[in-house]
Amino acid sequence: MYIRDISQITEAQAIYHIDIGTLTVFDTYIVAEFNEGLAIGFDNGREMLGIIYDHFSDSGNFGFICNRVHAFSMIPTDLYQLDELFTNSPKIAIINYSTLGRLIAEYERSYWPFPIALFNDLSAGIIWVDEALEKVS
């Protein structure tokens, strides 16, 4: 399910179509839907990181939801660099729609500098991020 297919899309603050995919920004979280076949890393993710920083640097706490509607990979060794950019441990949910996607996300989990939660439903991921952010505010 794409983010555009759920009712919360009307609450979106901004939608960005960038080289690596689509970013939909809400008050307290961002949903990323990356393009098929990419290897997402620090270099090609700079524009995305800038958008996240622009929207959430003042608030400190935010959620990041990776909605894996397409097959792509993360460059795991680049994930450690995020710890220097986001010191407040963002709430991260990864949504997978296949068994293979979940296995890949479980592997990538060991490289994330922050705890992540895995889901197979976008709405469940959004609810989890909202609840996790309420606990820290």
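Here the structure is a predicted model, which is why all the values come from computation and not from measurement. (Residues numbered from 1 in each chain as written. Predicted model: local features only at pLDDT ≥ 70, side-chain atom pairs only at ≥ 80, totals over all residues. Heavy atoms only, no water.)

Draft legend 1. Spatial organisation of a nonpolar patch on the surface. Taken together, L100, L103 and I104 make up a surface patch of nonpolar side chains, about 280 Å² in accessible area. Relative to the assigned elements, L103 resides in helix α3 (residues 99-109). (Patch = residues over 30% accessible without salt bridge, like charges linked within 9 Å, V, L, I, M, F, W, Y side chains within 5 Å. Areas by Shrake-Rupley, 256 points an atom, 1.4 Å probe, with all protein chains shown as cover. Salt bridge = Lys/Arg side-chain N within 4 Å of Asp/Glu carboxyl O. Helix = DSSP H or I, 4+ residues; strand = E, 2+ residues; numbered from the N terminus.)

Draft legend 2. Just the nonpolar core, in detail. Residues I30, F34, M48, I52, F64, I94 and W112 are the most contacted members of the largest nonpolar core, which totals 30 residues. Looking at this core, the element that brings in the most residues is helix α1 (residues 46-56), giving five residues. Of all hydrophobic cores here, the second largest spans 14 residues; its members include I6, I65, A117 and L133. (Core = buried A, V, L, I, M, F, W, Y, C linked by side-chain atoms within 4.5 Å. Buried < 20%, exposed > 50% of the residue type's maximum accessible area, 1.4 Å probe, protein only.)

Draft legend 3. Expanded view of the pairing of strand β7 (residues 91-95). Burial analysis of β7 places five of its five residues in the buried class, the great majority of the element. Both faces of β7 are covered, namely the face carrying K91, A93 and I95 and the face carrying I92 and I94. As paired elements, strand β5 (residues 63-67) and β7 share five bridges and run parallel to each other. Paired with C66 across the strands is I94, a residue of β7. Pairing geometry for β7 and strand β8 (residues 116-119), over four bridges, is parallel. (Pairing = 2+ DSSP bridges.)

Draft legend 4. Fine view of the pairing of strand β3 (residues 29-34). Burial runs high along β3: six of the six residues are buried. Covered by surrounding structure in β3 are Y29, V31 and E33 together with I30, A32 and F34, the residues of both alternating faces. Examined bridge by bridge, strand β2 (residues 21-25) and β3 share five bridges and lie antiparallel to one another. Bridging across to β3, T24 finds its partner in V31. Where β2 hands over to β3, the hairpin turn is made up of three residues, counted between the paired strands.

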